[in-house]
Amino acid sequence: MKRTICVIGNGYVGLPLAVVFAKRYRTISFSPSAEHTAELREGYDRTKSFNAEALQSSGVHFTSDIEEIKEANIYIVTVPTPIDERKNPDLSPIESATRMIASVLKKDDLVVYESTVFIGCTEELCVPLLEEGSGLKYNEDFFCGYSPERINPADKVHTLDTVKKIVSGSTPGIASFLEELYGSIVPAGIHKAPAMKVAEASKLIENVQRDLNIALMNQLSMLFDKLGVETNDVLDAAATKWNFHRYSPGLVGGHCISVDPYYLIYNGLRSNMPMTLVETQREVNEHMPEFIGLKLLSLLDEKGFTAQKSRILILGIAFKENCPDIRNTKVVDIYRHIREKVADIDIYDPVVNTDEVMNAYGLKCYNEENVLAGKRYDAVIIAVAHQAFLTMDLDQYLNENAVIYDLKSILPKEKSDARL
């Protein structure tokens, strides 16, 4: 058939997918936001994954008009799947996207989900919505697939075309079709999962495994801190054994590692199989901002500073290095744990959009270093390992004997007062 692809969502996952598909097929990128669509047409990418020339020459048709997606026969859903205030899956974005697709769905159309979901979601939640909204019959009139996204924001090495893609389909024929379709744009190869539930589960455990290992390192780093042992020294020593897998302690934020475990916990609750280990690892990682805040106050006291009179500089608010994404950043939690206990806190991050920080968290953030000129701080927390921080002259902003708390170990050990 003539393939016209519509990618629903044009963020970190959807935009790269649309750009790559457009090299071979007629590709539409849909966003409900007319403002976001206008930005992309003008060549501005909020995720900073593409420059203006790359976007405007991509061949992708950007639209926020539902009428313009009716010509598609393959719909790929890449919308966010966050959690709510109670840590339960928030499926409203995927439900909204599915209902919209249902309103334009035609006979023989294919709907593929890349968004992270609980195991079984595609058939239990999405398919009924598609049937209800379209009046069509699943696996007779339309078909579904699941191909979990593996995008790592700001990573220029592990990109869409260099990472093996998992595909699955609602029928063996659809699975084979998706193997061929994605295979045409992913030279790294395709893994065809035997069922959509398998593909859904694979996405979850990729990040649950990372969350678990980081939680172990975080708990060890808290113990080593009490014992006066340098965590990195321990890891260096342990890593000399061939079968030691090295992970580092740190903040676990963002929209994947810190969110996906709750989808698996949800599956456990629905199956009367509590995921106690996953719940514990989440508790450990969620505790880290409080641990860091208490440690900073302790360091200030050790150096003779009065916390209530101290000015603090936090370097970085993005959830990871060299990436403007601020979703679910745990740096904000550090700020909240110390804001009532110190005199003043400034946040500097040259990568993020400061308006987005204000809108999302109500926090003032600077992204121009010259704003810091003339200011002096009693402590600095290096929270994110942005490239710009590696060459930053911190001394000009620090009072004598100021505390340097290097969460990312970007400074030589002797230059900092504490590391994780």
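Here, the structure is the one placed above.
The structure presented is a predicted model; accordingly, all values stated were derived computationally and were not measured.

Each value, and the rule that gives it
- Residues numbered from 1 in each chain as written.
- Predicted model: local features only at pLDDT ≥ 70, side-chain atom pairs only at ≥ 80, totals over all residues.
- Heavy atoms only, no water.
- Helix = DSSP H or I, 4+ residues; strand = E, 2+ residues; numbered from the N terminus.
- Rg over C-alpha atoms; globule rule 2.2 N^0.38 Å.
- Buried < 20%, exposed > 50% of the residue type's maximum accessible area, 1.4 Å probe, protein only.
- Contact = heavy atoms within 4.5 Å.
- Lys, Arg positive; Asp, Glu negative; His and termini not counted.
- Charge placed at Lys NZ, Arg CZ, Asp CG, Glu CD.
- Pairing = 2+ DSSP bridges.
- Axes fitted to C-alpha atoms, helices over the stretch in contact; angles between N-to-C directions.
- Parallel < 35°, antiparallel > 145°, perpendicular 65-115°, else oblique.
- Left-handed = near helix turned anticlockwise from the far one by under 90°.
- Nonpolar A, V, L, I, M, F, W, Y, C, P; charged D, E, K, R; others polar.
- Phe/Tyr/Trp six-rings, centres within 6.5 Å; stacked < 30°, edge-to-face > 60°.
- Right-handed = clockwise from strand over helix to strand, strands pointing away.
- Core = buried A, V, L, I, M, F, W, Y, C linked by side-chain atoms within 4.5 Å.
- Expected span 1.5 Å × (residues − 1).
- Bend = angle between axes of the 7 residues up to and from the residue.
- Salt bridge = Lys/Arg side-chain N within 4 Å of Asp/Glu carboxyl O.

Here the focus is the overall build of the chain. Per the secondary structure count, the chain includes 13 helices and 13 strands. The globule rule puts the C-alpha radius of gyration for 420 residues at 22 Å, and the 23 Å found for the chain is close to it. By the burial criterion, 52% of the 420 residues in the chain qualify as buried. A separation of at least 24 residues holds for 71% of the contacts in the chain among residues at least 6 apart in sequence. Of the side chains in the chain, 45 bear a positive and 59 a negative charge, and the two mean positions are spaced by 2 Å.

Examined bridge by bridge, strand 11 (residues 377-382) and strand 12 (residues 398-406) share 5 bridges and lie parallel to one another. Paired with Ile382 across the two strands is Asp406, which belongs to strand 12. Of the strand pairs in this sheet, strand 12 and strand 13 (residues 418-419) are connected by 2 bridges, and their pairing is parallel. Of the residues in strand 13, the one forming a bridge with Tyr405 is Ala418.

It is at 9 Å that the axes of helix 7 (residues 196-227) and helix 10 (residues 276-302) come closest, and there the two elements cross at 45 degrees. Our classification of the angle between helix 7 and helix 10 gives oblique. Every pair of crossing elements has a handedness; the one defined by helix 7 and helix 10 is left-handed. For the pair helix 7 and helix 10, contact is made by Val208, Asp211, Leu212, Ile214, Ala215, Asn218, Gln219, Ser221, Met222 and Asp225 and by Leu277, Val278, Gln281, Arg282, Val284, Asn285, His287, Met288, Phe291 and Lys295, respectively. In the contact of helix 7 with helix 10, the residues fall into 10 nonpolar, 6 polar and 4 charged.

Moving on, we get to the environment of Lys413. Checked against the element boundaries, Lys413 lands in the loop between strand 12 and strand 13. For the pair Lys413 and Ile190, spaced 223 residues apart in the sequence, the C-alpha separation amounts to 43 Å.

Once that is clear, we can look at the packing of aromatic side chains. Under the definition given, this model contains 5 aromatic pairs. Taken together, a centroid distance of 5.8 Å and an interplanar angle of 45 degrees make the contact between Tyr138 and Phe142 tilted. Ring centres of Tyr348 and Phe389 lie 5.9 Å apart, and the angle between their planes is 55 degrees; on these two criteria the pair is classed as tilted. Note that Tyr348 is positioned in strand 10 (residues 344-348) and Phe389 in helix 13 (residues 387-390), a separation of 41 residues in sequence. The buried category is assigned to Tyr348, whose relative accessible area is 5%. Classification of Phe389 as buried rests on a relative accessible area of 3%. Of the aromatic side chains, those joined through ring pairs into one cluster are Phe21, Tyr25 and Tyr182.

So, about the pairing of strand 2 (residues 26-30). With 4 of 5 residues buried, strand 2 is to be regarded as a mostly interior element. Tracing the backbone out of strand 1 (residues 4-8), into helix 1 (residues 14-21) and back to the parallel element strand 2 gives a crossover that is right-handed. Here strand 2 runs beside strand 3 (residues 61-63); their pairing, made up of 3 bridges, is parallel. Within the sheet, the bridge partner assigned to Ile28 lies in strand 3 and is His61.

Sheet architecture is open: 5 strands sit in the order 10-9-11-12-13, paired in parallel fashion. Only two strands of the sheet have a single neighbouring strand rather than two, namely strand 10 and strand 13.

This part covers the environment of Tyr247. Note on placement: Tyr247 falls in the loop between helix 8 (231-238) and helix 9 (260-270). Those residues in contact with Tyr247 that sit more than four places away from it in its chain are Gln209, Arg210, Asn213, Ile214, Met217 and Leu235.

Ranked by internal contacts, the top residues of the largest apolar core, which has 42 residues, are Ile101 and Leu130. A total of 5 residues in this core trace back to one element, the largest contributor, which is helix 4 (residues 92-102). Not counting chain neighbours up to four residues away, the residues in contact with Ile101 comprise Ile8, Tyr75, Val77, Val111 and Leu130. Membership of the second largest hydrophobic core comes to 38 residues, among which are Phe291, Ile338, Ile347 and Ala379.

Helix length check: helix 10, at 27 residues, gives a terminal C-alpha distance of 38 Å against a target of 39 Å (1.5 Å per residue), a fit within 8%. For helix 10, the principal kink sits at Met288 and spans about 35 degrees; a proline, Pro289, occurs within the next four residues. Gly304 sits one or two positions beyond helix 10 and adopts a positive phi of about 85 degrees.

Inspection of every chain in the model, using the stated rule, returns 27 salt bridges. The salt bridge involving Arg270 is made with Glu124; its shortest N-O contact spans 2.8 Å. Within this pair, whereas Arg270 is found in helix 9, its partner Glu124 is found in helix 5 (residues 121-134), the two being separated by 146 residues in sequence. Through salt bridges that share partners, Lys87, Asp211, Arg282, Glu286, Lys330, Asp333 and Arg336 make up one connected network.

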